[in-house]
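Here's the letter readout for the chains.
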Amino acid sequence: MTYLIDRRLQGKNKSAINRERFLRRYKSQIKDAVGRAIKGRSITDVENGEKVSIPVKDVGEPSFGHAHGGIWETINPGNQEYQKGDLINRPRGGAGAGRGKAGNSDQLTEDDFIFELSREEFMNYFFEDLELPHMVKTQLTATTEFKNQRAGYNMSGTPSNIHVLRSLRGALGRRIAVGGSTRKRLIEAERELEELLLLGAPLEDSRVVELKHLIHHLHTRLLAIPFIDPFDLRYSNRVKVPKPMTQAVMFCIMDVSGSMDETRKDTAKRFFILLYLFLKRAYDKIEVVFIRHHTAAAEVDEDEFFNSRESGGTVVSSALNLLNSILDQRYGASQWNSYVAQASDGDNWDNDSLLCRELLVNTIMPKVQYYTYVEITDGPPQNLWQQYAQVPEHHHHFAMQKIVTPADIYPVFRELFKKQPK
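Bear in mind the structure is a predicted one, so any value in this text is a computation, not a measurement.

Q: Please provide a residue-by-residue account of the packing of aromatic side chains, values included.
A: Following the criterion strictly, the structure yields nine aromatic pairs and no others. Summarising the aromatic geometry, the rings of Tyr-331 and Trp-336 are spaced 4.9 Å apart at their centres and angled 90 degrees between planes, so their arrangement reads as edge-to-face. When its relative accessible area of 6% is taken as the criterion, Tyr-331 is described as buried. Aromatic pair Tyr-388 and Phe-398: ring centres 5.7 Å apart, planes at 85 degrees, arrangement edge-to-face. Of the two residues, Tyr-388 sits in helix 12 (residues 383-388) while Phe-398 sits in strand 9 (residues 398-403), which places them 10 residues apart along the sequence. If you follow Arg-166 out to its NZ or CZ, it ends over the ring of Tyr-153, 5.6 Å from the centre. In this arrangement the basic side chain of Arg-234 is found over the ring face of Phe-231, its NZ or CZ atom lying 5.6 Å from the centre.

Next up, the structure:
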């Protein structure tokens, strides 16, 4: 019989394999717990971990038991009512109404099993059944960056790149190789001198004197070998290798006209944050562009995008024109994967809504990977919604949904980015 012994050292995460096995086993319960956690927390805290509770009945291991089944014959002493073969009614159980006082029993009960999901595990379950539609429609590899990578050693370089361990190893090998024959002769001479002295040879003996001079000469030669020589120095060599980089740009467009109150702006902000977290899982580098508009559009920073107070009418085409200009100037389709998220209450000038549809169909949609529009309103669809509803007929990577309350953000997000059938 062959025994295999694994002597590999374990890292600090010794129970990682057991944890993965546990997560696979209780996947359905964990997904339900993650879904419940999303409903009760802010979107801004969505990427944190979560404590998950699993009922004890689901964690329990199956076991075998002996049931009191079959046909049993019993003899009850003092029976004057029943004969053999009679059927006895089952005694009635006393089902309580739940109004009694607390019991004083010492019997212990088990609580639910609770453990904590890490941030990465929580996000994996959170986005497990979602994907970026049309993600590979254009190049994913946008630009090529370079990273330094070790490539052996050089015999020349700057002092800061000296590899001390490699240099000392070379120096030790050189000293062993150069002094090998001398050290061998030294050992033979010392052995011969020791044998002569043991035989009683006087110190004035010519052979003894000759050996002493030889030993001194050999010691001097060994000490003359330099500890380290410029020939021994080795320098770390690093070369630049291309590093494929996936990068994307996310455009956040929001209506800040008078009809968009603070509640609707906060709902839009939560949706944008959720989309940003989702894109971070697919791309190494993400740039975010914030465009806010009323009658005029402007590119602003994040703080002004969410906190600046403005009012006025609504001209959505001003934001789309600015979006198209930024795409052409800074984010070419051959180098960037562009995603657009637009939030509005749907209110817009009638003639401008028609212009918005034409801009999307003819100009903007061919340049972007995916375009999502969410209308935050509890009323009937507005004129902008009616015009946008015609865009998917021309471009399948356009999606739109309606948000009534903040509780609709997560279901709407999942509907926008659900996995498409193959």
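Q: Provide a residue-level description of helix 10 (residues 316-330), including the pertinent values.
A: In a regular helix each residue adds 1.5 Å, so 15 residues correspond to 21 Å; helix 10 covers 21 Å between its end C-alpha atoms and thus fits that length. Every buried residue of helix 10 is listed here: Val-316, Ser-317, Ser-318, Ala-319, Leu-320, Leu-323, Asn-324, Ile-326 and Leu-327.

Q: Tell me about helix 7 (residues 206-224), and name the residues and values.
A: Between the first and last C-alpha of helix 7 there are 27 Å, a value that for 19 residues agrees with the 27 Å anticipated at 1.5 Å per step. Turning to helix 7, its buried residues are Val-208, Leu-211, Ile-215, Leu-218 and Leu-222. The buried side chains of helix 7 occupy one side of the element, clustering within an arc of 90 degrees when seen end-on. When the buried face of helix 7 is taken as reference, the exposed residues oriented beyond 90 degrees from it are Ser-206, His-213, His-216 and Ala-224. Contacts made by the buried residues of helix 7 are with helix 6 (180-198). Where helix 7 starts, the residue carrying a side-chain oxygen 3.0 Å from the main-chain nitrogen of Arg-207 turns out to be Asp-205.

Q: So what's going on with the pattern of salt bridges? Which residues, and what values?
A: One side chain can pair with another of opposite charge once the charged atoms of both are near each other. Tallied over the entire structure, the rule returns six salt bridges. With a shortest N-O distance of 2.9 Å, Glu-192 and Arg-207 are connected by a salt bridge. With Glu-192 in helix 6 and Arg-207 in helix 7, the pair connects residues that are 15 residues apart, well separated along the chain. Among the residues examined, Arg-207 registers a relative accessible area of 31% and is labelled partly exposed. Across the pair Arg-264 and Asp-345 runs a salt bridge, and its minimum N-O distance is 3.6 Å. One end of the pair, Arg-264, is in helix 8 (residues 262-280); the other, Asp-345, is in the loop between strand 7 (337-344) and helix 11 (350-364), with 81 residues separating them in the sequence. Of the residues examined, Asp-345 reaches a relative accessible area of 5% and is grouped as buried. Here the salt bridges do not stand alone but share partners, grouping Glu-192, Arg-207 and Glu-210 into one network.

So, how was this worked out
- Residues numbered from 1 in each chain as written.
- Predicted model: local features only at pLDDT ≥ 70, side-chain atom pairs only at ≥ 80, totals over all residues.
- Heavy atoms only, no water.
- Phe/Tyr/Trp six-rings, centres within 6.5 Å; stacked < 30°, edge-to-face > 60°.
- Buried < 20%, exposed > 50% of the residue type's maximum accessible area, 1.4 Å probe, protein only.
- Helix = DSSP H or I, 4+ residues; strand = E, 2+ residues; numbered from the N terminus.
- Lys NZ or Arg CZ within 6 Å of the ring centre and 35° of its normal.
- Expected span 1.5 Å × (residues − 1).
- Arc of directions from axis to C-beta.
- Contact = heavy atoms within 4.5 Å.
- Polar contact = N/O pair within 3.5 Å; in protein donor to acceptor, adjacent residues only side chain to side chain.
- Salt bridge = Lys/Arg side-chain N within 4 Å of Asp/Glu carboxyl O.

Function cannot be read off these values alone, since they describe shape.
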